[in-house]
Amino acid sequence: MQFFRKKRLFIILIGFIILVALIGFSLGDRKNLSTPEQFIKDTVGWAQSVIHTPVKFAANIFTNIDDLKNTYDENKLLKEKLSQYKGLIYEVQEIKEENEQLRKTLEKTESIRDFNPIQAAVMSRTPERWVEQLTINKGEQDGVKTDMAVITADGMVGKIQTTSEFTSTVQLLTGFDQFNRISATISRKDGKDIFGMIEEFDEETNSLLFKIIEESDKDLKKGELVVSSGMGGVFPAGLLIGTVKEVVPDQYGLTRTALIKPAADMYEINNVIIVDRTLNEAKTDEQEDTE
Amino acid sequence: MKRLYLPLILFLFVISEGVALELLPPKLVMSDLLIIPHWVLIFLVFVSIFYDKEQTYYSVLYGAIFGLLIDIVYTGVLGVYMFTYALVIYIIHGLKKLLHANIHVTLLLGFIGIVLADLVIYLIFFVIGLTEMPGKDYLIYRVIPTILANLLFLLVLYPFFKKRLIKWSEEQLTNS
């Protein structure tokens, strides 16, 4: 009996050591997943894509009934808006064409705004709510790489955290910490743009913290749009992140922090677009070297 | 062939945990309450009560394997669920020797299992800095809703699997 007790304690201790070693391994500075992890993720991802469709169908029946009730009112409103947009579309097309022509005359065809969209469907969401992750059905085979921005039609939702061959994992904005910063801007007339960094997601206020680094922060208004600035080198410029909710001074009173309400709905995400910036990083790396 | 039933069912639960949130109404998901599906753990509690004999530890082994699977697929931090599930199921395995297997005992053991597992996961995540939720908030917003939701799931599952697991246990474990 004495022997068995010792053996039991021994096993628990070994388990604990394995736990610490594994956590250390996975939290360490690693760029992508190891091969067995990728293989398991792809296998599970394949099985999930099989099971996801019927579950989604069943879940949708209930929300569809809810939606039907509101359809009439929404339809009225949307029709009004649509007529306004028609004029806008024409205007945008004109401006785009003009922009392209001007760029050609300047011989500067690549811009940090350009990107190749990769369409993907969401397959699962992590049940562990402290880890805000999604799994999507596109991987390295489709050209997805780590750190690419992920958007929906409404705005930015996150970035690619890890990739495997056929699936990849998206870190949502709501799970961003101080290691995932986004260089962002609020666009103003006359070159008085406000620049800053989206630093992290604050759970108490349910908003992103936008640290403003410029001095011109005096007249920040509620409801202004915050977009990515493209200066970080990874995300393209012009992706909508959210709207300003409130401006508060930081703890030292030197800079100001704007609370940003994310534009995209973080809970009902079904289809996403992965943003592959066309202006590739190799060039920016070289630029950094020469500087 | 029949020995593959248990791993297959467990694998199915691992997969369906990923779409579990979509089954809940959006209002509940968007609120402050955090409901975490521990379906794999619930089924492992069943396995440990009805399938395992006193000298076999299949449930603990499955706990480690499928815990690791959850770690890889859903959290990216390896070892947390693996260690937690194996440890908790080991404790459940020890406790079930003292009690008779019926619905009340299953509920009690399921309750103990969920509380212990979630607590250990919270502790580990807190230590490595994945969450900064204070203990009081954790108790109100996460533990209570999670326990209620999972016990409901346990009650739904109970009639389906009790007899089957006992049958499989007799077929597979008596002659080995």
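From a predicted model like this one, the values you see are computed outputs, not experimental measurements.

**Observations regarding the nonpolar core**
Part 1 of the reasoning: Counting 50 residues, the largest nonpolar core has Val14(B), Val40(B), Leu41(B), Leu44(B), Val47(B), Tyr85(B) and Ala86(B) as its most contacted members.
Part 2 of the reasoning: Those elements that provide at least two residues to this core are α1 (5-17), α4 (39-51), α5 (58-75), α6 (80-96), α7 (103-128) and α8 (135-173) of chain B.
Part 3 of the reasoning: With sequence-adjacent residues up to four places away left out, Val47(B) is seen in contact with Leu6(B), Asp52(B), Tyr58(B), Ser59(B), Tyr62(B) and Leu165(B).
Part 4 of the reasoning: Formed by 41 residues, the second largest nonpolar core is a distinct cluster that contains Leu134(A), Ile136(A), Ile241(A) and Val272(A).

**Comments concerning the interface of chain A and chain B**
Part 1 of the reasoning: Contacts between chain A and chain B engage 31 residues on the former and 31 residues on the latter.
Part 2 of the reasoning: Of all the elements in the fold, those that place two or more residues in the side of chain A that touches chain B are α1 (2-27), α2 (35-106) and β1 (115-125) of chain A.
Part 3 of the reasoning: Looking at which element gives the most residues to the side of chain A that touches chain B, the answer is α2(A), with 11 residues.
Part 4 of the reasoning: When its residues are assigned to classes, the side of chain A that touches chain B shows 16 nonpolar, eight polar and seven charged.

**Quick look at the UniProt feature "transmembrane region" (unreviewed entry) in chain B**
Part 1 of the reasoning: According to UniProt, the positions carrying the feature "transmembrane region" (unreviewed entry) are residues 30-50, 57-74, 80-95, 107-128 and 140-161 of chain B.
Part 2 of the reasoning: Measuring from the first to the last C-alpha atom of residues 140-161 of chain B gives 31 Å, for a span that is 100% helix and 0% strand.

**A look at the sheet that holds strand β11 (residues 256-262) of chain A**
Residue and element names in this part refer to chain A.
Part 1 of the reasoning: Spatially, β6-β7-β8-β11-β10-β9 is the arrangement adopted by the six strands of the closed barrel, whose pairing is antiparallel. Going from strand to strand, the sheet's axes swing by 45° on average, the running direction of each strand aside.
Part 2 of the reasoning: Both strand β6 (residues 182-186) and strand β7 (residues 194-202) contribute to a ladder of five bridges, which runs antiparallel. Across the sheet, residue Ser 183 finds its bridge partner in β7, namely Met 197.

**Things to note about the confidence of the model for chain A**
Part 1 of the reasoning: Scored by pLDDT, chain A comes out at a mean of 81, with 91% of its residues at no less than 70.
Part 2 of the reasoning: A low-confidence stretch, residues 282-291 of chain A (pLDDT under 50), is modelled with one contact involving residues beyond four sequence positions or located in other chains.

**Describing α7(B)**
All names here are of chain B.
Part 1 of the reasoning: Under the 1.5 Å per step criterion, the end-to-end length of α7 is 37 Å for 26 residues, consistent within 8% with the ideal 38 Å.
Part 2 of the reasoning: Here α7 has its buried residues at Thr 106, Leu 109, Gly 110, Gly 113, Ile 114, Ala 117, Asp 118, Ile 121, Tyr 122 and Ile 124.
Part 3 of the reasoning: Here the buried face of α7 lies against α4, α6 and α8.
Part 4 of the reasoning: Phi turns positive, to about 85°, at Gly 129, one or two residues after α7.

**With respect to unusual backbone geometry**
Residue and element names in this part refer to chain A.
Part 1 of the reasoning: Backbone geometry at Asp 147 places phi at a positive 75°, although glycine is not the residue there.
Part 2 of the reasoning: Position of Asp 147 relative to the elements: it lies in the loop between β2 (133-136) and β3 (149-151).
Part 3 of the reasoning: Among the residues examined, Asp 147 registers 16 C-beta atoms within 10 Å and is labelled partly exposed.

**Let's talk about the packing of α1(B) against α5(B)**
All names here are of chain B.
Part 1 of the reasoning: Across the interface, α1 lies against α5 with an axial gap of 11 Å and an inter-helix angle of 30°. The angle between the axes of α1 and α5 places the two elements in the roughly parallel class. Between α1 and α5 the crossing geometry is right-handed. For the pair α1 and α5, the contacting residues are Leu 6, Leu 10 and Val 14 in the first and Tyr 62, Phe 66, Leu 69, Ile 70 and Val 73 in the second.

**Things to note about the sheet that holds β1(A)**
Sheet strands pair via backbone hydrogen bonds, and the direction of the pair is either parallel or antiparallel.
Residue and element names in this part refer to chain A.
Part 1 of the reasoning: Overall, antiparallel pairing links the six strands, which are arranged β1-β2-β5-β4-β3-β12 in a closed barrel. Mean inter-strand twist for the sheet, computed between neighbouring axes without regard to direction, equals 45°.
Part 2 of the reasoning: By the bridge criterion, three bridges tie β3 to strand β4 (residues 156-163) in an arrangement that is antiparallel. The residue bridging Ala 149 from the neighbouring strand is Lys 159, located in β4.
Part 3 of the reasoning: Against the sheet, α2 makes contact with β1 and β2, and its axis sits at roughly 75° relative to β1, the strand it touches most.

**Some thoughts on the environment of Ser34(A)**
Part 1 of the reasoning: In this structure, Ser34(A) sits in the loop between α1 and α2.
Part 2 of the reasoning: Sequence separation between Ser34(A) and Ile160(A) is 126 residues; the distance between their C-alpha atoms is 16 Å.

**Comments concerning the domain arrangement of chain A**
All names here are of chain A.
Part 1 of the reasoning: Parsing chain A into structural domains produces domain 1 (33-109) and domain 2 (115-277).
Part 2 of the reasoning: Computed from C-alpha coordinates alone, the two centres of domain 1 and domain 2 are separated by 17 Å.
Part 3 of the reasoning: Taken together, the contact between domain 1 and domain 2 spans eight residues of the former and nine residues of the latter.

**Re the packing of α5(B) against α6(B)**
Axes are the key here: two packed helices are described by the angle between their axes and the distance separating the axes.
Residue and element names in this part refer to chain B.
Part 1 of the reasoning: Running from N to C, α5 and α6 point in directions that differ by 155°, and their axes come no closer than 7 Å. As far as their axial angle goes, α6 and α5 are roughly antiparallel. Considering how the two elements wind past one another, α5 and α6 form a crossing that is right-handed. Residue-level inspection shows Ser 59, Val 60, Gly 63, Ala 64, Gly 67, Leu 68, Ile 70, Asp 71 and Thr 75 of α5 in contact with α6, the latter providing Val 80, Tyr 81, Met 82, Thr 84, Tyr 85, Ala 86, Ile 89, Tyr 90 and His 93.
Part 2 of the reasoning: Across the contact of α5 with α6, the residue classes tally to 11 nonpolar, six polar and one charged.

**Examining the pairing of β11(A)**
Residues and elements named next belong to chain A.
Part 1 of the reasoning: Pairing analysis gives four bridges linking strand β8 (residues 207-212) to β11, with the strands arranged antiparallel. Its bridge partner being in β11, Leu 208 is matched across the sheet by Ile 260.
Part 2 of the reasoning: Of the strand pairs in this sheet, strand β10 (residues 240-249) and β11 are connected by seven bridges, and their pairing is antiparallel. Among the inter-strand pairings, Thr 243 is bridged to a residue of β11, identified as Lys 261.
Part 3 of the reasoning: The antiparallel pairing of β10 with β11 creates a hairpin that spans six residues between the two strands, and Gly 253 there sits at a positive phi of about 80°.

Basis of the calculations
Residues numbered from 1 in each chain as written. Chains lettered and ligands numbered in written order. Predicted model: local features only at pLDDT ≥ 70, side-chain atom pairs only at ≥ 80, totals over all residues. Core = buried A, V, L, I, M, F, W, Y, C linked by C-beta atoms within 7 Å. Buried ≥ 20, exposed ≤ 12 C-beta atoms within 10 Å, placed from the backbone. Helix = DSSP H or I, 4+ residues; strand = E, 2+ residues; numbered from the N terminus. Contact = placed C-beta atoms within 7 Å. Nonpolar A, V, L, I, M, F, W, Y, C, P; charged D, E, K, R; others polar. UniProt positions renumbered as here; feature names shortened; annotations may be inferred. Pairing = 2+ DSSP bridges. Axes fitted to C-alpha atoms, helices over the stretch in contact; angles between N-to-C directions. pLDDT = per-residue confidence, 0-100. Expected span 1.5 Å × (residues − 1). Parallel < 35°, antiparallel > 145°, perpendicular 65-115°, else oblique. Left-handed = near helix turned anticlockwise from the far one by under 90°. Domains from an automatic or database assignment.

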